[in-house]
Amino acid sequence: MDIETLRLRFIEYQPQPVNCLAFCDIGDGSRLAVSRADSSIEIWATANGENYYKDLFIPGRSDLSIEALVWSRNRLFSAGLTGCIHEWNLDLRCPTTTLDSCAGPVWCMCANSDQSMLAAGCEEGQVRLVEILSDGLCHVRGLDKQEGRILSLAWHPSGEFIVTGGADGTIRKYDVTCGRSVLRITLERYGPQSTLVWSVKCLSDSTIISADSCGKVNFWNGVHGTLNRSFHSHKADTLAIAKLKEEKSWVVAGDVCFHTHDVRCLAVSKSGVLVSGGIDTNIMMCPTASFARDSRTEYPPFANSASRFILAPSRNLLMYQAPTEVKLWRVTSNELESSSNADGLEMALPTSVMEIKAKGPLHISSSAISSDASFVALCNVQEMWLYKVDVLGRVPRAEVVWKSRIACYKMQFTPDSRELVLASIGTKGILVLSLIDVGPNSEPSQLDLVQQKKEKGNAVFTDIEIGPTGEFMAATTSKKRIYLYSLRSRCLISKVPHLDVQPVVFCFDPPGTSLFLFSGENRELFKYSFAEERLSSMGTTALKSRYKGRKKLMLPNQIIVLSAMEFLFAVYDNDCLVIIRASSGSDSDVATGKKRKLQQYLRYQLVFDYQVLLFVAQFGQNRLITVERPIEAVLKGLPPTFARNRYGT
């Protein structure tokens with residue numbers, strides 16, 4: 001089967017640098033909170049402590065800055081240059097509690113050992129203590145002011161002292177009980193400006209560790225203020241330090257370059273996983289035990305990028321969801337003869353049809369376009385807009401026909417463009433909006449709530465996928481459960497057996513009577529039959545060793561059925577495209593709760609000819625459309641790297 005490929009590289013998708021990291025260890029697994037420069041927050045989760053996947057995403061906003069992230073008893077707090085401390089509701093994707101620091105912008109924040117109190121270092125040179133209550137935050141007191149902003153701080157493990165690093169080149173130790181400074185250390189100045197103390201840590205024996213703008217890591221006696229040990233192993237500023245375990249003597253154990261640009265933040269989990277992030281937008285993870293051997297795993301910033309693109313094939317329109325707008329492009333191709341050896345069809349220049357900008361400071365959380373390109377919907381975490389679109393006229397137009405305070409995680413139009421399905425945030429359910437006779441003077445007339453399945457715990461629907469016939473719909477909850485619904489009767493049909501491995505991507509077969517699921521962790525392909533209510537394994541792919549050798553894990557964006565008759569599938573992540581061929585006789589029942597028998601390996605082909613793959617979709621018969629973003633273009637949008645003279649030049 002020959003497959004033609006239409007390759008697009010005009011989308012200017014620019015990932016954002018990593019600002020801060022924070023670990024939350026829960027039982028055997030853990031969660032990692034990542035904040036980026038556009039104030040968006042990503043939550044990465046793992047069940048086995050090794051392979052992480054993006055669990056949820058909180059869109060950013062233009063009026064918010066996040067410079068610090070702190071977990072406290074499974075609650076997430078942030079602070080930034082707006083001068084406020086926020087507690088985030090991960091289900092609603094928005095802050096539920098906001099407290100003013102009363103001392104200007106917040107540059108750093110840290111929780112004490114029992115996670116009952118926060119300390120925030122502010123622009124006005126004061127540390128503000130905030131108590132964490134069951135229903136919010138409460139100011140306790142402010143410590144004595146110092147000159148200049150506070151860039152870093154750390155609690156003593158006993159909770160009796162707080163160590164700060166300032167922009168005035170000093171390290172101070174505060175007594176939390178009286179609020180006064182009991183120790184002051186002044187760093188040596190090189191030049192007219194003070195040395196900046198970018199990061200500090202405090203050990204149980206009162207040893208203070210500091211990282212400064214001179215590229216030094218210093219170990220200080222926290223009682224007398226004397227210098228115990230100093231390491232000058234960095235040519236530029238030392239921006240972050242992380243405490244692994246306490247030692248009595250310190251030496252340089254290893255020096256590894258994980259990133260191409262500045263490393264802004266470090267974090268260590270209880271299981272001993274070191275995570276780093278910075279300007280180059282990548283997240284690197286490495287076990288501390290094998291740090292010197294460079295056994296890192298790279299997590300690029302393009303995970304789940306497919307959710308930003310939607311194809312309306314009947315109008316040859318591609319919609320791209322940017323943070324503050326959606327863009328529509330008309331895609332056409334030259335008429336060329338297909339060839340199995342061709343790299344892809346040459347593309348004519350795509351035509352920009354229109355841009356629809358969102359109102360307000362909130363970034364877009366979800367968007368959708370109908371199959372006939374007559375409607376476009378977009379929303380943030382507070383409200384949504386429905387547009388009536390005309391793309392066939394001489395001047396394309398988009399007019400708002402409905403606006404609502406309904407917010408949703410995901411929205412999708414039915415194939416006949418008569419209904420809009422929403423995974424609502426407020427109702428924690430699935431809403432169906434009727435679009436019959438909707439126009440400038442007539443609003444949607446019907447809003448149905450799909451009968452939902454009650455789960456143990458606080459689970460919400462976070463993703464939906466409508467079948468090609470529009471009769472069935474699959475919905476995913478925050479507990480990673482998949483439910484099958486009938487859009488005609490608005491009721492639950494069945495529940496797909498839960499898979500312990502994550503992440504899992506799925507799609508409908510062309511008739512819309514089965515689901516195909518692909519697990520990113522063990523690279524196994526499953527089939528779920530609606531009529532039989534049976535989940536069967538179609539085999540596994542031997543991709544794990546190949547990806548480990550390339551220091552990247554497979555985080556599948558999507559699975560596509562290329563041919564249901566030939567059992568031909570396409571699975572892709574941002575690194576490569578995998579063509580999988582399964583046989584019709586390879587089905588075997590999945591024994592849940594028991595040791596699974598060894599499955600046969602599926603035939604597959606890895607295609608590395610593409611640049612960073614953002615989106616892949618079928619575009620006609622035996623044809624794929626791919627959206628790529630060359631890594632060279634991404635690097636051009638980043639600040640320049642640190643330059644140093646070599647070989648005496």
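Residues numbered from 1 in each chain as written. Predicted model: local features only at pLDDT ≥ 70, side-chain atom pairs only at ≥ 80, totals over all residues. Heavy atoms only, no water.

Participant: Would you mind going over the packing of aromatic side chains with me for this structure?
Facilitator: Summed over all chains, the structure comprises 15 aromatic pairs. Summarising the aromatic geometry, the rings of Trp-44 and Tyr-299 are spaced 5.6 Å apart at their centres and angled 80 degrees between planes, so their arrangement reads as edge-to-face. Of this pair, Trp-44 sits in strand S4 (residues 41-46) while Tyr-299 sits in strand S25 (residues 297-299), and the two are 255 residues apart along the sequence. Taken individually, Trp-44 and Tyr-299 each receive the classification buried, so the pair is uniform in this respect. Ring centres of Phe-516 and Phe-569 lie 4.7 Å apart, and the angle between their planes is 65 degrees; this geometry places the pair in the edge-to-face category. Placement of the pair is Phe-516 in strand S43 (residues 514-519) and Phe-569 in strand S47 (residues 568-572), with a sequence separation of 53 residues. The class for Phe-516 is buried, based on a relative accessible area of 3%. Note on Phe-569: relative accessible area 0%, which makes it buried. Ring pairs connect the aromatic residues Phe-472, Phe-508, Tyr-528 and Phe-530, which therefore count as one cluster. The residue whose ring lies beneath Lys-173 is Phe-161, and the NZ or CZ to ring-centre distance is 4.3 Å. (Phe/Tyr/Trp six-rings, centres within 6.5 Å; stacked < 30°, edge-to-face > 60°. Helix = DSSP H or I, 4+ residues; strand = E, 2+ residues; numbered from the N terminus. Buried < 20%, exposed > 50% of the residue type's maximum accessible area, 1.4 Å probe, protein only. Lys NZ or Arg CZ within 6 Å of the ring centre and 35° of its normal.)

Participant: I would appreciate a short explanation of the environment of Gln-412 in the present structure.
Facilitator: Relative to the assigned elements, Gln-412 resides in strand S34 (residues 408-413). For the pair formed by Gln-412 and Ala-368, sequence separation is 44 residues and the distance between their alpha carbons is 5.6 Å. Excluding residues that lie within four positions of it along the chain, Gln-412 makes contacts with Ala-368, Glu-419, Leu-420, Val-421, Ile-464, Glu-465 and Ile-466. At a separation of 3.3 Å, a polar atom in the side chain of Gln-412 contacts the main-chain amide nitrogen of Ile-466. (Contact = heavy atoms within 4.5 Å. Polar contact = N/O pair within 3.5 Å; in protein donor to acceptor, adjacent residues only side chain to side chain.)

Participant: What is the right way to read the pattern of salt bridges from this model?
Facilitator: Note on pairing: side chains with opposite charge can pair once their charged atoms come close. Under the defined criterion, the tally for this structure stands at 20 salt bridges. Of the charged contacts in the structure, one is a salt bridge between Asp-55 and Lys-480, with a shortest N-O distance of 2.8 Å. Here Asp-55, found in strand S5 (residues 53-58), pairs with Lys-480, found in the loop between strand S39 (472-477) and strand S40 (482-486); they are 425 residues apart in sequence, far enough to count as distant. Here Lys-403 and Glu-383 are joined by a salt bridge, their closest N and O atoms 3.9 Å apart. (Salt bridge = Lys/Arg side-chain N within 4 Å of Asp/Glu carboxyl O.)

Participant: I would appreciate a short explanation of empty space enclosed by the protein in the present structure.
Facilitator: Any space left empty among the atoms is revealed by the rolling of a water-sized probe across them. Under the counting rule described, the total for this entry stands at two cavities of 30 Å³ or more. Its boundaries defined by the atoms lining it, the largest cavity holds a volume of some 80 Å³. The wall of the largest cavity is formed by Ile-58, Pro-59, Gly-60, Arg-61, Trp-88, Arg-93, Cys-94, Pro-95, Leu-362, His-363 and Val-381. Looking at the lining of the largest cavity residue by residue, the class counts come to seven nonpolar, two polar and two charged. (1 Å grid on protein atoms, 1.4 Å probe; cavity = no way out; pocket = protein on both sides within 12 Å on 5 of 7 lines; lining within 4 Å. Points joined across faces, edges and corners; volume = space filled by probe spheres on them. Nonpolar A, V, L, I, M, F, W, Y, C, P; charged D, E, K, R; others polar.)

Participant: Is there a simple way to explain the pairing of strand S46 (residues 558-563) in this structure?
Facilitator: For a regular strand, side-chain orientation follows a simple rule: the groups alternate between the two sheet faces. Among the six residues that make up S46, five are buried, leaving the element largely enclosed by the rest of the structure. By the bridge criterion, five bridges tie S46 to S47 in an arrangement that is antiparallel. Across the sheet, Ile-560 pairs through a bridge with Ala-570, a residue of S47. Here S46 folds back onto S47 in antiparallel fashion, the turn holding four residues, of which Phe-567 has a positive phi close to 50 degrees. (Pairing = 2+ DSSP bridges.)

Participant: Help me understand the sheet that holds strand S33 (residues 397-404), please; the structure alone is not making it clear to me.
Facilitator: As a general point, the strands of a sheet are linked pairwise by backbone hydrogen bonds and lie either parallel or antiparallel. With antiparallel pairing, the four strands of this open sheet are ordered in space as S30-S31-S32-S33. In this open sheet, the two edge strands, each paired with only one partner strand, are strand S30 (366-369) and S33. Strand-to-strand twist in this sheet, taken as the mean axis angle between neighbours without regard to direction, amounts to 20 degrees. Where strand S31 (residues 375-379) and strand S32 (residues 384-390) come together, five bridges link them in antiparallel fashion. Its bridge partner being in S32, Leu-378 is matched across the sheet by Trp-385. (Axes fitted to C-alpha atoms, helices over the stretch in contact; angles between N-to-C directions.)

Participant: Just to check I follow, could you spell out the sheet that holds strand S38 (residues 461-466) for this structure?
Facilitator: Strand order in the open sheet made by the four strands is S38-S39-S40-S41, with antiparallel pairing throughout. Pairing within the sheet leaves two strands with one partner each, and these edge strands are S38 and strand S41 (491-496). The average angle at which neighbouring strand axes cross in this sheet is 25 degrees, direction not considered. When S39 meets S40, the two strands line up antiparallel, connected through five bridges. Bridge pairing in S40 links Ala-474 to Leu-484.

Everything listed here is a matter of geometry and, on its own, says nothing about what the molecule does.
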